[in-house]
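This is what each chain is made of:
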Amino acid sequence: MSLHTTTPPLTQNLAPGQSAWICLVPGSTLRTTQGDVTVHWPPQACGLTLHAPPPSLLGAGQHLPQNGQAQAVWLQLHNPLHRFAEVQLMEAAAAPRPWQRVWRGLRAAVQSPRKAATDSGHSEALHAAR
């Protein structure tokens, strides 16, 4: 059982010439499913100046590489062509907190003897013992 699961993807359609802002949280993936999309990155502080990285062009089927960012970042998506574009944003679900893992472990430990008894056909013996 994986502790990290993904949520259903959010699909954003972009008409020709349309722009949209999205928040890319750590662990999430942005993928272009149709058309071409230009990704404009926010400026970064370099000493006393701001530096804006060049935009990235994502074609259909391409995705942003995972860069292991520690913070959420806002990106501007733009459809530069004369046809529709579609992107999907898949966010990773938050990892369970320690108390949630303990609760799940306790719940599984309590349910395991009952499940083992019903799976082995000894449910009558378990019922008679109660």
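Quick notes on a nonpolar patch on the surface
Move 1: Together, Trp99, Val102, Trp103 and Leu106 make up a nonpolar patch on the protein surface, roughly 500 Å² of accessible area in all.
Move 2: Here tryptophan 103 is to be found in helix H1 (residues 98-120).
Move 3: Judged by its relative accessible area of 52%, tryptophan 103 falls in the exposed class.

Thoughts on the pattern of salt bridges
Move 1: Scanning the entire structure with this criterion turns up 1 salt bridge.
Move 2: Here arginine 83 and aspartate 36 are joined by a salt bridge, their closest N and O atoms 3.6 Å apart. Of this pair, arginine 83 sits in the loop between strand S8 (73-78) and strand S9 (85-90) while aspartate 36 sits in the loop between strand S3 (29-34) and strand S4 (37-40), placing them 47 residues apart in sequence.
Move 3: Assessed through its relative accessible area of 47%, arginine 83 is described here as partly exposed.
Move 4: Judged by relative accessible area, aspartate 36 falls into the buried class, the value being 19%.

Reading the values: the criteria
Residues numbered from 1 in each chain as written. Predicted model: local features only at pLDDT ≥ 70, side-chain atom pairs only at ≥ 80, totals over all residues. Heavy atoms only, no water. Patch = residues over 30% accessible without salt bridge, like charges linked within 9 Å, V, L, I, M, F, W, Y side chains within 5 Å. Areas by Shrake-Rupley, 256 points an atom, 1.4 Å probe, with all protein chains shown as cover. Salt bridge = Lys/Arg side-chain N within 4 Å of Asp/Glu carboxyl O. Helix = DSSP H or I, 4+ residues; strand = E, 2+ residues; numbered from the N terminus. Buried < 20%, exposed > 50% of the residue type's maximum accessible area, 1.4 Å probe, protein only.

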